[in-house]
Amino acid sequence: MSTRKHSALPKAQTLIEALPWLTRHHGKKVVIKFGGNAMVDDELKAAFAQDVVFLRHAGIKPVVVHGGGPQISAQLDRHGLVSEFKGGLRVTTPEAMDVVRMVLAGQVQRELVGLLNQHGPLAIGLTGEDAHTITATKHLPEIDGELVDIGRVGEITAIDTGAIEALLEDGRIPVVSSIARSQDDGHVYNVNADTAAAALAAALGAETLMVLTDVEGLYEDWPNSDEVISRLTASELEKLLPELSSGMVPKMQGCLHAVRNGVNTARVIDGRVQHSILLEIFTDEGIGTMVVPDGAEGGTTA
């Protein structure tokens, strides 16, 4: 009997450690950007779904936003369409946009909804087109001082949270594909999923934005050191932005946008670690990098 008591004790301690975090997040909205390895590895996908369902049963209101870069590239190959990137963004021809829409709404979203719904009638998939959730206009990135047309790539101009709020009220888990309706020309647009998650988090007044990625967090002095910055303020992050690798820029810009627009914390976490979401939300150590608004206690520097 004493052995059983003893072996169960660490489990109780883990649960108790989660109590203040559960209290803080109860009833709050959490927006999670699903991407990277977590999206293509079956075990990580299953763990991700468990985490999101756990949050929901713990009284938190999760909203999942996803892109699908690897899956889109694979499907474009199958259709004999070339994947071309300019300034870190996918050049999206009308033909490519059809594939993007099909992959995001018909493949990635369906699979994710299916994984979540193994745990109950919880998840409902939608795209930014539904109920005017995400509206965009054509994005013309500036590359080498010139505005460049990269096709059906959108810049978000408006968010309508009505449909998502209604689903959350009903106890559902919205799963949102990063496609937007057009503000002005009747087309649909491919929007960066990191940017879409950040815009939704701000519009929903979320407590937290979490962005899953394939690195441990934001490195202090990459590639000279693999020391991860565990916490920094919006202004500290803004100073670092010009030095970041192109893949990290939309993620960290998203975090910055979120905390500057009412979201209490934004975190970049390692999606290669099983149950990284629960580790980040419910433990004292946490993993990854947390961005807090200016004036919040404890950035990296005075």
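Reading the values: the criteria
- Residues numbered from 1 in each chain as written.
- Predicted model: local features only at pLDDT ≥ 70, side-chain atom pairs only at ≥ 80, totals over all residues.
- Heavy atoms only, no water.
- Helix = DSSP H or I, 4+ residues; strand = E, 2+ residues; numbered from the N terminus.
- Buried < 20%, exposed > 50% of the residue type's maximum accessible area, 1.4 Å probe, protein only.
- Contact = heavy atoms within 4.5 Å.
- Areas by Shrake-Rupley, 256 points an atom, 1.4 Å probe, with all protein chains shown as cover.
- Pairing = 2+ DSSP bridges.
- Axes fitted to C-alpha atoms, helices over the stretch in contact; angles between N-to-C directions.
- Expected span 1.5 Å × (residues − 1).
- Polar contact = N/O pair within 3.5 Å; in protein donor to acceptor, adjacent residues only side chain to side chain.
- Core = buried A, V, L, I, M, F, W, Y, C linked by side-chain atoms within 4.5 Å.

Colleague: In this structure, what is going on with the overall build of the chain? I would like to understand it.
Modeller: For the chain, the count of helices and strands is nine helices and 18 strands. Overall, the chain is about 70 × 45 × 35 Å in size when its C-alpha atoms are taken along their principal axes. Classification of the 302 residues of the chain by burial places 47% in the buried group. For the chain, the share of sequence-separated contacts (at least 6 apart) that also reach a separation of at least 24 residues comes to 73%. With an accessible surface of roughly 14,300 Å², the chain has 52% of that area assigned to carbon and sulfur atoms.

Colleague: Explanation requested: the sheet that holds strand β5 (residues 123-127) in the structure shown.
Modeller: Through backbone hydrogen bonds, the strands of a sheet pair up, either in parallel or in antiparallel fashion. Ordered in space as β5-β10-β2-β1-β13-β17-β18-β16, the eight strands form an open sheet in which the pairing is mixed. Looking at which strands have only one partner, the edges of the open sheet turn out to be β5 and β16 (231-233). If you compare each strand with its neighbour and ignore which way they point, the axes differ by 20° on average. Pairing analysis gives five bridges linking β5 to strand β10 (residues 173-177), with the strands arranged parallel. Bridge pairing in β10 links A123 to I173. With respect to the sheet, helix α5 (residues 162-169) is in contact with β1 (29-34), β2 (61-66), β5 and β10, its orientation differing from that of β2 by roughly 135°. Taken strand by strand, helix α6 (residues 193-204) contacts β1, β2, β10 and β13 (208-213), and its axis lies near 175° from that of β1.

Colleague: Which parts of the structure should I look at to understand α6?
Modeller: The terminal C-alpha atoms of α6 lie 16 Å apart, and with 12 residues this matches the ideal 16 Å at 1.5 Å per residue to within 8%. The buried fraction of α6 amounts to 10 of the 12 residues, a majority that puts the element mostly inside the structure. Looking only at α6, the buried set comprises A193, D194, A196, A197, A198, A199, L200, A201, A202 and L204. You can read the cap of α6 off the contacts: a side-chain oxygen lies 2.8 Å from the backbone nitrogen of D194, and it is on N192. Following α6 by one or two positions, G205 has its phi on the positive side, about 65°.

Colleague: For this particular structure, what's the right way to read the nonpolar core?
Modeller: The nonpolar side chains of a soluble globular protein tend to be buried with one another. If you look at the biggest cluster of nonpolar residues, it comprises 41 residues, and the most contacted ones within it are I32 and F48. For this core, the secondary structure elements donating two or more residues are α1 (2-25), β1, α2 (42-57), α3 (69-78), α4 (94-117), β10, β13 and α9 (276-282). The biggest single contributor to this core is α4, with 11 residues. Dropping the residues within four chain positions of it, I32 is found in contact with F48, V52, L55, P62, V63, V64, V65, M210, L212 and I277.

Colleague: Quick question: what am I supposed to make of the sheet that holds strand β12 (residues 188-190) here?
Modeller: In space, the four strands of this open sheet follow the order β9-β6-β11-β12, with mixed pairing throughout. The open sheet terminates on both sides in strands that have one partner only, identified here as β9 (154-159) and β12. Looking at each pair of strands side by side, their axes are set apart by 50° on average, direction ignored. In terms of strand pairing, strand β11 (residues 179-182) meets β12 through three bridges, oriented antiparallel. Note that in β12 the partner of A180 across the bridge is Y189. Packed onto the sheet, α4 meets β11 and β12 and runs at close to 75° relative to β12. Packing of α6 onto the sheet brings it into contact with β6 (134-138) and β9, and relative to β9 it is tilted by some 15°.

No statement about biological role is implied by the geometric values presented.
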